[in-house]
Amino acid sequence: MIVTYNWLKEFVDFEANPDELAALLTMLGLEVESMEKLGDGLDDVVVALVEEKRQHPNADKLSLCRVNNGTEVLDVVCGAQNFKQGDTVVLAQTGAILPGDFKIKRSKIRGEESCGMLCSDKELGLAEESAGIIVLTPGIAPLGTPVFTALGLKDTIFEIGLTPNRSDCLSLIGIARDIAAKLDIKINYPSISLVEGPEKTDAVIGVTIKDPELCPRYAARYISGCTISPSPQWLVKRLAAIGIRSINNVVDVTNLIMMELGQPLHAFDCLRLSGKRIVVRAAEEGETFTTLDNQQRTLTAADLVICDAERPVALAGVMGGLNSEIEASTTSILLESAFFKPAAIRKTAKRHGLHTESSHRFERGIDIDGVVRALDRAASLIVELAGGVLAEEAIDQYPGKIERTPITFRPEKANELIGIDLDRNVILDILSRLECQITQNNDGSAGVLPPSYRIDIEREIDLIEEIARLNGYDKIPATMPVARVVSDRPTRHQEIEKQLRNLLVNCGMTEVINFSFTAPDAAGKLLLSDSDPRRFAIKLANPLVDEQSVMKTTLLPGLLETTARNINFRSMDLKLFEIRRVYLPREGEDMPREPLCIVGAVTGSRDGDGWSRPNEPVDFFDVKGIVESLLDFLDVGGISWVTDNLDPYYHPGKSCRILAGRDCIGSVGELHPSVQKNFALEKPVFCFELDFEKLVKLSRTKKTIGAPSRFPDSSRDIAMLVPEELAAVKITDCIKAVKSKEVEQVQIFDVYRGKGVPDGFKSIAVRIRYRSIERTLAEEEIVALHKEIVTNLVDKLQVTLR
Amino acid sequence: MREQLEQLKSGALQAIAASSSVEALQDIRINLLGRKGELTALMKGLGTLDAAERPVVGQLVNSVRDEIESALVSALESAQQNVIAARLQTERIDTSLPGRRAQKGTKHPVSLVIEEICSIFAGLGFSVAEGPEIEHDWYNFEALNFPPEHPARDMQDTFFVENSLLLRTHTSPVQIRTMLKQKPPVRIIAPGTVYRCDSDATHSPMFHQIEGLMVDSKVTFGDLKGILTVFTNQLFGQKTGVRLRPSYFPFTEPSAEVDIACVICGGKGCRVCKNSGWLEILGAGMVDPEVYRHVQYDAENISGFAFGMGIERIAMLKYGISDMRLLFENDVRFLRQF
């Protein structure tokens, strides 16, 4: 909503300057989003008199003027032709800065001194184009008066961001009322002076409401013998100030009154209304109608239309029709002021994509009791500007009149909820300043009937809010609540999520957050089969773009895209992770599952470009190491790494699934070369995926901690040749199978292929550390134990000792 | 024998004085005092002396040995000092070369801000609650007093899924889910991802919010002001000015927008605060009785407040980020700075 300082001041005589007014409005909940001060900084542009004008000696098109600014007479060179000696003009004095940062300086023009500039409308930002300089009415103001003051143009335009509940403030008067209530001063309502002719309105036109549910009130007036002409300057300027283009005197009045009082009005050319009748009815399904913007619209039975005897002439509350528009030749007018059901107008405006100032007000709700007042005010102004005769007595069909009942209001409840301690009288006074009617109930409460334009006030709490608002939020003391103690701690879920994020960060990984939606073919890029559940994503009904049209079923594609994008920016060494939800439809339930997932992607070199270590590329074991740390941290038991049933986006020889017991809790591996290509990744990428929900379930909370042994250890190494396909874990498992408490640690410390190792074999070296918690082990015991282990390896795994 | 001892002594002392290396001194010790050393050999010869002479010569041997020993010790000491001095003379590294560090990862700024805010509210006795992102219209709108076709729904452009499901437009449905699950007192905050059908320089179709809710027997609007003052002071600094001004949300009444004194210019007015000196950071208010009705709370005997804020907005203010899109581009050159 756009309002101006001067216009508001016509209704309320406040003392606040524009800045103070802006602060006041904002603290009333009418947030001033921007303000523009017209003529601000232009006080050096003043009314002046041309005392002498003669030809410039060195330029045909320039003149030399002696200009009186009230204190001195200055030399000014001017290029305009449209003025003469003795004219009152506008002088921009040296030092003035005109719109467009144009600074006026003393200068020499073709050898002649010039101490200022005579201005045009354009130069002052008052018009797009202008033919010559401004010539003012003689004596308009004393010489030297700032011209914006002299012309009454000094004003401030406020743009107010209204909340949807304050439909009453979609008008100047609404905002003025709030200011008046806040400052406790009187409001001056605009005057209405009706001069009615002998003819009765209802003798000329008839109004029938066929759908009182959607149109509870319809009022109309008839003006004959008027003349359509351009609006007077004051009206053009007033509308321009709030961003409305002038059309003609009649249409401009309807717009002005809509802005002033908040009541949308419509003027029909009465001669073009067949049968001089108005019928308000629901449109017929498929009925067509051309609105004022020259668009043919196909209506539905849910649209409300204003018809004459034959056809629709307006889409009720939204826009008039081309067939009954006011034209230059129009001489008689039917002026409409009505109330339409907000939800219906909202639906119609939405369906036709047609949001107008009128529909905006109707859909938020206007003052049903102000319908006739606005009609009369507009009619009186039309007669004033366009002449003609106003027929006697408005038509006012009001089938939907509802008796409103007062709200029971307890002033002490207001104090209690807001946390203030105002006197009962002060509280009730605030409400009466808001034009509420107050009665006293027997039980000590008050009966409060809010004014009809405050449709947002329906309940006691609405009145309490008004008390808080008018008294001032800044006057409410900040207190700390007196609350009952509640014992609570983060859930295991929350705790583990935070811990895992910390752990991954400590593993050198960077967290990313991608959008939860993705392109429909994201699963395809992972080579998932058609029956893979991850192909069945939840679709958005109204996506912004196709790439964000389905909810993710896997986080991996997003992370790989992020990886590729970073590589494009030459960040080659990446360790990224994401902990977010995926969205999985559930058979037989409307709400999907939203489990949390963890994914990671690692690529590039292990240590970045360092000087002290070889710059090696990352591999599977870097990623597996991260996963191991994580599982270790959560103390998930029974982990095994299996290479069967891999997802198709993994390299089949360099990846595995992670089992906890028999339950698959995730996977880790190198990306399949084809998938790597699908994501335009040049170098291998190693990924992991973990099911957060399962991790939480499997994470062991209780740990038993043993004291370390105080006795010496003894280590033995075994180097063996084994077939290439023998998994290293078999060796360690075989060693641990002796189940001796004295085997403290088993560590693979070398895996070697090459010289001395036949093809198809690898050499694995294991170090076993023996130690007892109870005593120093005797050499013979160690030898015996070690021998048993070696025998087991040879017998069960057929390893060859080296 | 005496002469032999004197000779040995002066020879030894000369040799010690002439030796500068630790190794040479060690050799001298072995040659003289070792098991097969010269002095040891002489001492073995003591037995051949007269019983009367034996103690005298014995004493002499001991004093010679002590003298040699102490000369050796001090020579060794200074030789070792020399060795250290020589090492310190020559051993040099370029300490300006970068250290070998464990790579540091970073959390996303949205996670950082959520963690910080949650921990501030944990200190005020609020626990963390969560809810689904794909939500029923009833929880997201109706129970929060947005009736169907209500203009307030225009405040939030909604992504729809089928069957009256939608992507939640705010974290407020968690209020409803929490109150349906538990009776007062309620004190929760709910961080989460939310969605609006809007995308430009200042709007992202996905972003994050934190919702707060407190319901108890006598909670006032002044308490809301108190809690939010404590919160903003903890988050942005002790002296941060806080301003509540009237606003409108269907699920709170009275409602407020909460501004803090601009953290960029300190309230003098700048581009970020559009010269107002204030930055809007959250919306809040007293829970509307209509909401209590939907969760079967008795509005007459309890009261409470709710508030909600955008995490991205706070992250941008905290870290001086000018473009929200940076938060979702996931460029590591940006993320690694946190």
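Model, not experiment: these values are computed from the prediction.

**Examining the overall build of chain B**
Then step 1. A count of helical and extended segments in chain B gives twelve helices and nine strands.
Then step 2. For chain B, the proportion of its 338 residues judged to be buried stands at 54%.
Then step 3. In chain B, once contacts between residues fewer than 6 apart in sequence are set aside, the share between residues at least 24 apart is 67%.
Then step 4. Taken as a whole, chain B presents about 15,600 Å² of accessible surface, with 51% of it coming from carbon and sulfur.
Then step 5. In chain B, which carries 35 positive and 41 negative side-chain charges, the distance between the mean positions of the two groups comes to 5 Å.

**A closer look at the sheet that holds strand β7 (residues 252-261) of chain B**
Residue and element names in this part refer to chain B.
Then step 1. Spatially, seven strands are ordered β1-β4-β5-β9-β8-β7-β6 in an open sheet, and the strand pairing comes out mixed. In the strand order of this sheet, the two ends are held by β1 (127-128) and β6 (242-249), each with one partner.
Then step 2. As defined by bridge partners, strand β4 (residues 186-195) adjoins strand β5 (residues 206-216) across ten bridges and the pair is classed as antiparallel. Bridge pairing in β5 places Ile 188 opposite Leu 213.
Then step 3. Sitting on the sheet, helix α5 (residues 109-123) touches β1, β4, β5 and β9 (303-310), and the angle it makes with β4 is about 170°.

**Some words on the pairing of strand β41 (residues 714-723) of chain A**
Strand residues, when the strand is regular, have side chains that alternate between the two faces of the sheet.
Residues and elements named next belong to chain A.
Then step 1. Both β41 and strand β43 (residues 761-770) contribute to a ladder of ten bridges, which runs antiparallel. Counted as the bridge partner of Met 720 is Ile 764 from β43.
Then step 2. Relative to strand β44 (residues 800-801), β41 runs antiparallel, the two sharing two bridges. Bridge pairing links Leu 721 to Thr 800 in β44.

**Things to note about the domain arrangement of chain A**
Then step 1. Here chain A is described as being made up of domain 1 (2-39 + 156-183), domain 2 (45-153), domain 3 (196-397), domain 4 (407-471), domain 5 (492-698) and domain 6 (714-801).
Then step 2. Put simply, the middle of domain 1 of chain A and the middle of domain 2 of chain A, counted by C-alpha atoms, are 35 Å apart.

**Quick word on the side chain of Asp456(A)**
All names here are of chain A.
Then step 1. Looking at the element boundaries, Asp 456 is found in the loop between β29 (446-449) and α13 (460-471).
Then step 2. A distance of 2.9 Å separates a polar atom in the side chain of Asp 456 from a polar atom in the side chain of Arg 454.
Then step 3. Once residues within four sequence positions are removed from consideration, Asp 456 is found in contact with Asn 165, Arg 166 and Asp 462.

**Concerning helix α1 (residues 2-18) of chain B**
Side chains three or four residues apart in an α-helix point the same way, a direct result of the helix having 3.6 residues per turn.
Residue and element names in this part refer to chain B.
Then step 1. Taking 1.5 Å of rise per residue, the 17 residues of α1 would be expected to cover 24 Å, and the 24 Å separating its terminal C-alpha atoms lies within 8% of that figure.
Then step 2. All of the buried residues along α1 are Leu 5, Leu 8, Lys 9, Ala 12 and Ile 16. Looking down the long axis of α1, one finds its buried residues gathered within 100° of arc, a one-sided arrangement. Across α1 from its buried face, at more than 90 degrees, point the exposed residues Glu 3, Gln 7, Gln 14, Ala 17 and Ala 18.
Then step 3. Against the buried residues of α1 lie α2 (22-33), α3 (38-44) and α4 (53-90).

**As for the packing of aromatic side chains**
Then step 1. For the structure shown, the criterion picks out 20 aromatic pairs over all chains.
Then step 2. With 5.7 Å between their ring centres and 65° between their planes, Phe515(A) and Phe517(A) make a pair best called edge-to-face. Per residue, the accessibility class of Phe515(A) equals that of Phe517(A), and both read buried.
Then step 3. Following the ring pairs from residue to residue traces out a cluster consisting of Phe515(A), Phe517(A), Phe159(B), Tyr195(B) and Phe328(B).
Then step 4. Across from the ring centre of Tyr453(A), 3.4 Å away, lies the NZ or CZ of Arg177(A), which sits over that ring.
Then step 5. In this structure, Arg767(A) is placed above the aromatic ring of Phe749(A), and the distance from its NZ or CZ to the ring centre is 4.4 Å.

What counts and what doesn't
- Residues numbered from 1 in each chain as written.
- Chains lettered and ligands numbered in written order.
- Predicted model: local features only at pLDDT ≥ 70, side-chain atom pairs only at ≥ 80, totals over all residues.
- Heavy atoms only, no water.
- Helix = DSSP H or I, 4+ residues; strand = E, 2+ residues; numbered from the N terminus.
- Buried < 20%, exposed > 50% of the residue type's maximum accessible area, 1.4 Å probe, protein only.
- Contact = heavy atoms within 4.5 Å.
- Areas by Shrake-Rupley, 256 points an atom, 1.4 Å probe, with all protein chains shown as cover.
- Lys, Arg positive; Asp, Glu negative; His and termini not counted.
- Charge placed at Lys NZ, Arg CZ, Asp CG, Glu CD.
- Pairing = 2+ DSSP bridges.
- Axes fitted to C-alpha atoms, helices over the stretch in contact; angles between N-to-C directions.
- Domains from an automatic or database assignment.
- Polar contact = N/O pair within 3.5 Å; in protein donor to acceptor, adjacent residues only side chain to side chain.
- Expected span 1.5 Å × (residues − 1).
- Arc of directions from axis to C-beta.
- Phe/Tyr/Trp six-rings, centres within 6.5 Å; stacked < 30°, edge-to-face > 60°.
- Lys NZ or Arg CZ within 6 Å of the ring centre and 35° of its normal.

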